[in-house]
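Understanding the architecture of this molecule
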Amino acid sequence: MAVPSYEAPTHQDTAYQTALEQFDRAAYYVDAPADYLEILKYPARELTANFPVRRDDGTIEMFTGYRVHHNITLGPTKGGIRYAADVTLDEVRALAMWMTWKCALVQLPFGGAKGGVVVDPKTLSLAENERLTRRYTAEMVKMFSEHADIPAPDMGTNAQTMAWIMDTYSMNVGHSVPAIVTGKPLNLGGSEGRTEATGRGVIIAMEEALKRIDRYDPTNTKVVIQGFGNVGSHAALIASELGYNVVAVSDISGGVYNPNGLDIKKLFDFCFHGGQLKDYKDSSLDHVTNRELLTLPCDVLAPSALQSQVTPEVAPYVKANLIVEGANGPTTPDADDILNDRNILVVPDILANAGGVIVSYFEWVQGLQSYFWDLDEINRRLARIMTKSYDNVQVIAEENKITLRTAAQVAAISRVVKALMTRGIYP
Ligand code: GLU
C-alpha cells in the first residue's frame, strides 16, 4: 500500500529512492513479517516550517526548514542538521532513514532523524546565520528534546550552530540543557574528539577493510578523498598521519591531485582559513573536477561529500579497489551493482561514517551525567565499536553472500524490527 511519501519519485535517483531500494534489497534477508518491515519504510513524523529572518540590511526574507524523525523504536532520534541551498524534504527523509540504520548497526540506543534548512550558509553573515538558526530552533522546539530528538552538525553547520541551538532551546525552557545537541563546542560540554570523529571512523573502517583483503600497507596505498569538509579533511589528515599516500582531495570548487602525494596539513590550513581548493597554487599538483577525481588511479576512494556521486556513469571507470563511504548515500544502487560486478569492495556509509554519531552518543551520555572522559578513552571506545560493527557486518555478508552494504542494512533492520515486534503496535 502506498502513501504519498512512499510513492516512487518522478525523477531518478533521489536520495529517498536510493534509501528505499537499499531497504528492499536488505529486507529480503531479514527474518520478520512483511507488515512489520513495511512500517520501517515510512518516516514516523515530519515537520516543515516556513519562517522569516531579518537580514542585516533590515529586509525580511522567508526560509524553509525541515526535521524528520524516521523511527523511535530503539530510543530518542538522533541526527544532524544540514544547511544547503538545494536540500529537499526527500533528501532529509533519506538521511533520517540512514540515521536509523546507522545507529542500530553500531548498537546505539537511538532512532534516526535529520534536519535541513534551505539556505547556502555562505550567503549569510554571522549575525544572519545566528538569527536563522535561532528561529529554526524555535520552530522545531516541539521536535527537539534531550530525551526525544538530539540534533548534531551536518553539512553547512558546525559547533557554533549547535551552541546557538542549545542556547535558544535553553532560553525557551528556562534552564540550560547541554544534552539537547551534540557536536557542541568543548566549553559548553562538547566531547573531546567529536570534531574529527567521523573522519577518524572512516579511516578505522578503511584500515579494517584493507587488513581483511590483505592489502594493509599504508605507505604503498594511494588514497583519494572527495570532500574536504569536516569529514573529508579530518579523514585526509588522519590518513596522512598514519603514512598513507593521499594523492587527491576536493572541495565544492574542485580537486587537487599529485600522484606522488599531497601535503595534507598545508591544504588543511589553507582551507581552514577560508581558502577554496581551486585557488590553491602549487606547481607540483594538477587541478581536477570532482567528477574526474572519482576515477583517478588510486587504491582507496573515499567519497566524503554528497549523496549520489558514484553513479552508473562513474562506476565503470573507478580505479580504486576499495571504496569507503564518508558521505551519506554517495553510491546509487545501480552503481553498487556495477562496483560489485567489478569486484570493488564498498564499505557502506552507515558503517564507514558512523564515527560521528558514535562520539555524539558519548557526548550525550557525558552531558547527561555531567562527567567527562579524556580523548584516549573516547578514541579507544570509538575504535572498539567500529571494529566490532565491521566484524558483525562481515559475518552477515559471508553467511548470505551479499555485499557489505546489504549486510549492514540487514544487521540494522533486524535489530530495529525485532525491537518493534517486542514493543508491539500501539494501541
Ligand atoms: N551528521 C552526522 C551523520 O550523518 C552526525 C549525526 C549525529 O552525530 O547525530 O552521521
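Above this note sits the structure.
In every chain, residue numbers begin from 1 and rise along the written sequence. Totals for whole chains, interfaces and linings use all residues, but because this is a predicted model, local features are given only for residues with pLDDT of at least 70 and pairs of side-chain atoms are given and counted only at 80 or more. Side-chain measures here rest on the full set of heavy atoms in the structure, leaving out hydrogens and waters.

Brief notes about the layout of surface pockets
Unfilled space is identified by rolling a water-sized probe across the atoms. In this structure, the second largest pocket encloses a volume near 370 Å³. Every residue lining the second largest pocket is counted, 17 residues in all, and those nearest its centre are Asn-340, Leu-345, Val-346, Thr-403 and Leu-404. For the lining of the second largest pocket, the secondary structure elements donating two or more residues are helix 10 (333-341), strand 12 (345-347), helix 13 (375-400) and helix 14 (404-423). Under the scheme applied, nonpolar residues are Ala, Val, Leu, Ile, Met, Phe, Trp, Tyr, Cys and Pro; charged residues are Asp, Glu, Lys and Arg; polar residues are all the others, including Gly. Residues that form the lining of the second largest pocket fall into these classes: 8 nonpolar, 5 polar and 4 charged. Lining residues are defined by having an atom within 4 Å of a point belonging to a cavity or pocket. Those points lie on a 1 Å grid over the protein atoms alone, cavities being sets where a 1.4 Å probe fits but cannot get out and pockets being open sets with protein on both sides within 12 Å along at least five of seven lines. Grid points are joined across faces, edges and corners, and a volume is the space filled by probe spheres set on the points. Counting from the N terminus, the helices are the DSSP runs of H or I reaching at least four residues and the strands are the DSSP runs of E reaching at least two.

Focus: the sheet that holds strand 2 (residues 60-71)
Within the open sheet, the 5 strands sit side by side as 1-2-4-3-5. Their pairing is mixed. Edge positions in the sheet fall to strand 1 (45-54) and strand 5 (149-153), since each of these pairs with one other strand and no more. This sheet shows a mean twist of 20 degrees between the axes of neighbouring strands, independent of strand direction. Strands are labelled as partners when DSSP assigns at least two bridges between them. Direction of pairing for strand 3 (residues 77-84) relative to strand 5: parallel, over a ladder of 5 bridges. Residue pairing in the sheet places Lys-78 in a bridge with Ile-150 of strand 5. Working rule for contacts: check all heavy atoms of both residues, and any pair within 4.5 Å makes them a contact. Axis definition: a line fit to C-alpha positions, over the contact stretch in the case of helices; interaxial angles, taken between N-to-C directions, run 0 to 180 degrees. Docked against the sheet, helix 4 (residues 126-139) engages strand 1, strand 2, strand 3 and strand 4 (111-118), running at close to 140 degrees with respect to strand 1.

A short note on the packing of aromatic side chains
Two aromatic rings from Phe, Tyr or Trp, using only the six-membered ring of Trp, form a pair when their centres are within 6.5 Å; if the ring planes differ by under 30 degrees the pair is stacked, by over 60 it is edge-to-face, and anything between is tilted. Within this structure, the stated rule accounts for 11 aromatic pairs. Measuring from centroid to centroid gives 6.2 Å for Tyr-361 and Phe-362, while their planes differ by 50 degrees, and the two rings are tilted. The exposure class of Tyr-361 is partly exposed, given its relative accessible area of 22%. Throughout this description, buried means an accessible area under 20% of the type-specific maximum (1.4 Å probe, protein chains only), exposed means over 50%, and partly exposed covers the range between. Given a relative accessible area of 2%, Phe-362 falls into the buried group. Feature note: the residues Phe-110, Tyr-361, Phe-362, Trp-364 and Trp-373 constitute an aromatic cluster, connected by ring pairs. Each ring is checked for a lysine NZ or an arginine CZ that lies within 6 Å of its centre and within 35 degrees of its normal; such an atom marks a charge sitting over the ring. When the ring centre of Tyr-216 is taken as origin, the NZ or CZ atom of Lys-211, which lies over that ring, is 5.1 Å away. We note Arg-381 situated over the ring of Trp-373; from NZ or CZ to the ring centre the distance is 4.4 Å.

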